[in-house]
Amino acid sequence: MLRNIPKSDLIGDFWLEDIHAIREWHYEILKDATTQEFMDF
């Protein structure tokens, strides 16, 4: 099941913290997803 979690706003320079925030966002959305939902995402 895909979760509806708002994406973080990235403002200004792109830093390592931003990459971690994006990876955490992807994890939260996809942690309970089926294989098909993951491939569709």
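Refer to the structure presented above.
What you see is a predicted model, and the numbers here were worked out from it, not measured in a lab.

Conventions and cut-offs
Residues numbered from 1 in each chain as written. Predicted model: local features only at pLDDT ≥ 70, side-chain atom pairs only at ≥ 80, totals over all residues. Heavy atoms only, no water. Patch = residues over 30% accessible without salt bridge, like charges linked within 9 Å, V, L, I, M, F, W, Y side chains within 5 Å. Areas by Shrake-Rupley, 256 points an atom, 1.4 Å probe, with all protein chains shown as cover. Salt bridge = Lys/Arg side-chain N within 4 Å of Asp/Glu carboxyl O. Helix = DSSP H or I, 4+ residues; strand = E, 2+ residues; numbered from the N terminus. Buried < 20%, exposed > 50% of the residue type's maximum accessible area, 1.4 Å probe, protein only. Expected span 1.5 Å × (residues − 1). Arc of directions from axis to C-beta. Contact = heavy atoms within 4.5 Å. Polar contact = N/O pair within 3.5 Å; in protein donor to acceptor, adjacent residues only side chain to side chain.

## Looking at a nonpolar patch on the surface
- A contiguous nonpolar patch, built from Phe-14, Leu-16 and Ile-19 and spanning about 300 Å² of accessible area, is present on the exposed surface.
- Mapped onto the elements, Ile-19 comes out in helix H1 (residues 16-30).
- When its relative accessible area of 36% is taken as the criterion, Ile-19 is described as partly exposed.

## Quick word on H1
- Taking 1.5 Å of rise per residue, the 15 residues of H1 would be expected to cover 21 Å, and the 21 Å separating its terminal C-alpha atoms lies within 8% of that figure.
- Looking only at H1, the buried set comprises Asp-18, Trp-25, Ile-29 and Leu-30. The arc that holds every buried residue of H1, seen down its axis, measures 115 degrees, which confines them to one face. Facing away from the buried side of H1 by over 90 degrees, the exposed positions are Leu-16, Glu-17, Arg-23, Glu-24 and Tyr-27.
- In the core, the buried residues of H1 are packed alongside helix H2 (35-40).

## Examining the pattern of salt bridges
- Following the criterion strictly, the structure yields 1 salt bridge and no others.
- Among the salt bridges present, the one from Glu-28 reaches Lys-31, with a minimum N-O distance of 3.1 Å.
- Residue classification places Lys-31 among the partly exposed positions, given a relative accessible area of 36%.

## What to know about the side chain of Asp-18
- Mapped onto the elements of the fold, Asp-18 is located in helix H1.
- Here Asp-18 falls in the buried class, since its relative accessible area comes to 16%.
- Within the structure, Asp-18 has its side chain in polar contact with the backbone nitrogen of Trp-15 (distance 2.9 Å).

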